[in-house]
Amino acid sequence: MESRALGTGLNLLAFSPAILIYVYTFPYFYANINLAVLVLIAALPIVKLIVPKRYSSSVYPVALIIAMLLVIATLFYLVNPSRYYYLEIFSIPLTLSTFFAIDFAFAFIFIFEGLLSKRSSRMIGYLFLSLGTMLYELSIIAAMHEFSLTFMNALSLVFSLEILSYYELFVYGYQKFLPMANFQIQINQELLVLFIISTIAIVFSIYLRENGHQRERLGDLAYSLFAGSVMGTLLFAVYDYFSYTQYQLSIIGFGVLATFIAISRTSRKEKNRKPKIK
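Think of each chain on its own: its residues are numbered from 1, step by step along the sequence as written. In keeping with the model being predicted, local features are shown solely for residues with a pLDDT of at least 70 and side-chain atom pairs are shown and tallied solely at 80 or more, while totals for entire chains, interfaces and linings include all residues. For the side-chain quantities, the full set of heavy atoms in the structure was used; hydrogens and water were omitted.

**Focus on the packing of helix H8 (residues 120-147) against helix H11 (residues 188-209)**
Note on definitions: angles span 0 to 180 degrees between N-to-C directions of axes, and those axes are lines fitted to C-alpha atoms, for helices only across the stretch in contact. Helix and strand assignments follow DSSP, with helices taken as H or I runs no shorter than four residues and strands as E runs no shorter than two, numbered in order from the N terminus. At their nearest, the axes of H8 and H11 sit 10 Å apart, and the two run at 160 degrees to each other. The angle between H8 and H11 falls in the class roughly antiparallel. H8 and H11 meet at a crossing whose hand is left-handed. The residues of H11 that touch H8, namely those facing Ser120, Met123, Ile124, Leu127, Leu131 and Leu138, are Leu191, Phe195, Ser198, Ile202, Ser205, Ile206 and Arg209. Asp, Glu, Lys and Arg are counted as charged, while Ala, Val, Leu, Ile, Met, Phe, Trp, Tyr, Cys and Pro are counted as nonpolar; the rest, among them Gly, fall into the polar class. Partitioned by chemical class, the residues of the contact of H8 with H11 number 9 nonpolar, 3 polar and 1 charged. We call two directions roughly parallel when the angle between them is under 35 degrees, roughly antiparallel when it is over 145, roughly perpendicular when it lies between 65 and 115, and oblique otherwise. Crossings are classed by handedness, with left-handed meaning an anticlockwise turn of the near helix from the far one by less than a right angle and right-handed meaning a clockwise turn. Any two residues whose heavy atoms approach within 4.5 Å at even a single point are treated as in contact.

Structure (structure tokens):
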């Protein structure tokens with residue numbers, strides 16, 4: 001078992017791409033963020049650390065209940081302000097600044113919790129959640145730079161292109177223009193380097209946090225990473241070749257099916273390899 005400092009250091013390296021994206025995108029959205037909502041939500045993991053341990057697991061559920069009550073109060077007030085005037089003090093402004101504040105607050109929570117995670121599975125899960133919450137903001141900034149657009153114009157462009165691309169995918173079976181796959185990200189090179197560092201940190205984290213059979217597990221992990229990268233490269237090459245044809249959705253389905261078949265076969269072999277306890 002690794003030391004706490006080493007584990008936190010590995011988590012920090014693993015989250016380096018998410019931290020870079022957060023630091024890079026936040027200044028662009030600062031003027032369009034409700035700071036009060038951002039601070040209130042982002043403070044939850046800190047509150048979780050401060051309160052006694054027996055109450056820490058209740059912080060997020062209680063916050064979720066309070067948020068749902070505030071949303072209900074806001075809806076009642078918006079439906080009939082004259083009748084439910086007393087709910088005005090509890091109403092939440094349903095504006096873009098509020099939604100962006102919630103998005104950045106959730107990204108902060110995922111990063112914060114991921115940095116403190118003691119298990120590799122939790123750390124990886126929080127990493128993907130933090131990256132997923134900031135992809136939309138990253139595409140908006142990319143559109144601003146690539147087409148010299150204002151913030152609101154870039155927001156409208158990305159939103160309309162995403163709606164159109166998903167409509168075409170499910171109706172025609174292919175996507176013509178998905179923003180994150182076509183826009184040029186300004187920090188692309190930096191992200192590439194950090195994702196490599198993040199992958200290495202994740203591998204070492206899994207290795208060091210494994211209680212037994214470390215060498216065997218690391219060998220299996222290295223084999224899985226190599227095989228997965230080769231398979232992923234082939235699938236993306238085929239996907240790119242059929243990008244503008246009617247077979248795009250079929251290729252995606254085939255890739256998902258092939259992945260599940262590979263996982264089931266390797267899991268069965270791993271189960272058969274385990275020694276039987278008499």
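**Here we look at the packing of aromatic side chains**
Here is the rule: rings of Phe, Tyr and Trp (six-membered ring for Trp) pair when centre to centre is within 6.5 Å. Planes less than 30 degrees apart are stacked, more than 60 are edge-to-face, and the remainder are tilted. By the definition in use, this model includes 15 aromatic pairs. Put simply, the rings of Tyr22, Phe26, Phe29, Tyr30, Phe100, Phe104 and Phe151 pair up and form one aromatic cluster.

**Brief notes about the side chain of threonine 25**
With respect to the helices, strands and loops of the structure, threonine 25 is situated in helix H2 (residues 16-29). Accessible area is worked out with a 1.4 Å probe on protein chains only. A residue is then buried under 20% of its type maximum, exposed over 50%, and partly exposed in between. What makes threonine 25 buried here is its relative accessible area of 0%. Two N or O atoms count as a polar contact when they lie within 3.5 Å, although within protein this holds only if one can serve as hydrogen donor and the other as acceptor, and sequence-adjacent residues are included solely when both atoms are side-chain atoms. Among the polar contacts made by the side chain of threonine 25, one reaches the main-chain carbonyl oxygen of isoleucine 21 at a distance of 2.7 Å. Residues in contact with threonine 25, not counting those within four places in the same chain, are Phe104, Glu137, Leu138 and Ile141.

**A closer look at the environment of alanine 73**
Checked against the element boundaries, alanine 73 lands in helix H6 (residues 59-79). On the basis of relative accessibility, which here comes to 10%, the residue alanine 73 falls in the buried class. Spatially, the C-alpha atom of alanine 73 lies 9.3 Å from that of isoleucine 89, the residues being 16 residues apart in sequence. Once you skip the residues sitting within four places of it in the chain, alanine 73 turns out to touch Leu87 and Phe90.

**Side note on the packing of helix H3 (residues 35-42) against helix H7 (residues 96-115)**
One way to put it is that H3 packs onto H7 with a least axis distance of 8 Å and a crossing angle of 25 degrees. Here H3 lies roughly parallel to H7, going by the angle between them. For the pair H3 and H7, the sense of crossing is right-handed. On H7, the residues that touch Val37, Leu38, Ile41 and Ala42 of H3 are Thr98, Ala101, Ile102, Phe104, Ala105, Phe106, Phe108 and Ile109. Partitioning the contact of H3 with H7 into residue classes produces 11 nonpolar, 1 polar and no charged.

**A short note on a nonpolar patch on the surface**
A contiguous nonpolar patch, built from Val71, Leu75, Leu78, Leu94, Leu96, Phe99 and Met152 and spanning about 650 Å² of accessible area, is present on the exposed surface. Among the elements of the structure, H6 and H7 are those that each provide at least two residues to the nonpolar patch. The dominant element in the nonpolar patch, judged by the number of residues it contributes, is H6, at 3 residues. As for its placement among the helices and strands, valine 71 is situated in helix H6. Residue valine 71 is classed as partly exposed on the basis of its relative accessible area, which comes to 42%. Patch definition: residues above 30% relative accessible area lacking any salt bridge, with like charges linked at up to 9 Å and the nonpolar side chains Val, Leu, Ile, Met, Phe, Trp and Tyr linked at up to 5 Å. All accessible-area figures derive from a Shrake-Rupley calculation using a 1.4 Å probe, and residue coverage is judged against the displayed protein chains alone. Salt-bridge detection follows one rule: a side-chain nitrogen of Lys or Arg within 4 Å of a carboxyl oxygen of Asp or Glu.

**Examining H6**
An ideal rise of 1.5 Å per residue puts 30 Å on 21 residues; H6 measures up with 30 Å between its terminal C-alpha atoms. Of the positions making up H6, those classed as buried are Val59, Ala73, Thr74 and Tyr77. The buried residues of H6 occupy one face: seen down the axis, they fall within an arc of 100 degrees. The outward face of H6, more than 90 degrees from its buried face, is lined by the exposed residues Leu64 and Val79. At its buried positions, H6 is contacted by helix H4 (44-50) and helix H5 (53-56). Helix span is expected to be 1.5 Å times the residue number reduced by one. This arc is taken over the directions from the axis of the helix to the C-beta atoms.

**Details of helix H1 (residues 4-14)**
Listed as buried for H1 are Gly7, Leu10, Asn11 and Ala14. Summarising the axial view, the buried residues of H1 lie within an arc of 100 degrees, below the 170-degree limit, and thus occupy one face. Contacts from the buried residues of H1 go to H2, H7, H8 and H11.

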